[in-house]
Amino acid sequence: MVRLRDGFKPVQEGRILSVLDAASLSPEERKEIDYYRRIREDQGEAGFFKLLVDKSDFIRVFQILAGRLAVGPGMEVLELGAGQGWASCMVKHLQPAARVTASDISREALLYSERYEQLLGVALDEIWECSIRNLPFAGSQFDILFAFASLHHFGRNRDYTGILREVYRLLRPGGRAVFLYEN
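Figured I'd write up the structure that's included with this text.

Listed in full, the buried residues belonging to helix α6 (residues 161–170) are Ile163, Glu166, Val167 and Leu170. Here the buried residues of α6 occupy an arc of 100° about the axis, which is enough to place them on one side. Turned more than 90 degrees from where α6 packs its buried face, Arg165 and Tyr168 sit exposed. Close packing links the buried residues of α6 with β3 (76–79), β6 (142–148) and β7 (171–180).

Within helix α3 (residues 86–94), seven of the nine residues are buried, which leaves it mostly tucked inside the rest of the structure. The secondary structure elements touched by the buried residues of α3 are α2 (47–65), β3, β4 (99–104), α5 (113–120) and β6.

This paragraph deals with the packing of aromatic side chains. As enumerated under the stated definition, the model contains twelve aromatic pairs in all. The interplanar angle of 85° and the centroid separation of 5.8 Å between the aromatic rings of Phe62 and Trp86 together place this pair among those described as edge-to-face. In this pair, Phe62 is assigned in helix α2 and Trp86 in helix α3, connecting sequence segments 24 residues apart. Residues Phe62 and Trp86 agree in their burial class; the two are buried. Taken together, the ring pairs connect Phe58, Phe62, Trp86, Phe146, Phe148 and Tyr181 into an aromatic cluster. Cation over ring: Arg40 sits above Tyr112, and NZ or CZ is 4.4 Å from the ring centre.

Parameters and conventions
- Residue numbers restart at each chain and count upward from 1, following the sequence in its written direction.
- Given that the model is predicted, a residue must reach a pLDDT of at least 70 before its local features are reported, and side-chain atom pairs must reach 80 or more before they are shown or counted; all residues, however, enter totals for whole chains, interfaces and linings.
- For side-chain calculations, the full set of non-hydrogen atoms in the structure is used, while hydrogens and water are omitted.
- In this scheme, a residue with accessible area under 20% of its type's maximum is buried, one over 50% is exposed, and one in between is partly exposed, where area comes from a 1.4 Å probe on protein chains only.
- Only runs of H or I of at least four residues qualify as helices and only runs of E of at least two qualify as strands under DSSP, and these elements are numbered from the N terminus.
- When we speak of the arc, we mean the arc of directions from the helix axis to the C-beta atoms.
- Any two residues whose heavy atoms approach within 4.5 Å are treated as being in contact.
- Ring geometry is summarised as follows: Phe, Tyr and Trp rings, the Trp one being its six-membered ring, pair when their centres sit within 6.5 Å, and such pairs are stacked at plane angles under 30 degrees, edge-to-face over 60 and tilted between the two.
- The criterion is that NZ of a Lys, or CZ of an Arg, lies within 6 Å of the ring centre and within 35 degrees of the ring normal, and then a charge sits over that ring.

The structure is reproduced here in structure tokens:
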């Protein structure tokens with residue numbers, strides 16, 4: 001298990017570890033959670049196909065850009081804003097000897113990661129439900145931290161200072177943050 005900051009006690013349900021404090025969520029975070037909740041309530045597992053089709057162009061772009069992550073064996077990798085976890089699964093597929101952790105605010109989105117694991121024949125090392133504004137991870141433990149088409153969700157009033165400070169805290173000396181496909 002990744003090392004945690006003091007005071008964080010995860011709750012595990014299935015494979016997902018959670019430290020989400022629902023009382024502290026912003027309206028934007030609640031909107032994101034509600035989006036995936038509605039899909040699961042309305043369509044259940046069939047919602048996976050809708051989301052797969054919706055993300056197919058993103059998945060193709062990630063295939064092209066994934067090499068820029070330069071993930072090597074034994075590296076600790078964290079994806080922020082993983083959504084359904086498909087990018088984390090692709091990283092694990094490309095480098096099975098890396099330790100890959102996916103994190104997102106939406107448990108309902110993360111539940112779909114199991115389908116991507118099945119498609120790619122991989123198993124993510126850890127899956128975390130947590131807010132980007134209150135990450136549970138201890139500092140200086142990730143070699144690569146990445147986000148794909150999600151960084152724009154993390155800022156407040158177009159200010160990314162807080163999240164970039166947090167990214168820096170999480171990276172080992174010499175570690176890299178890679179933000180792919182951002183506007």
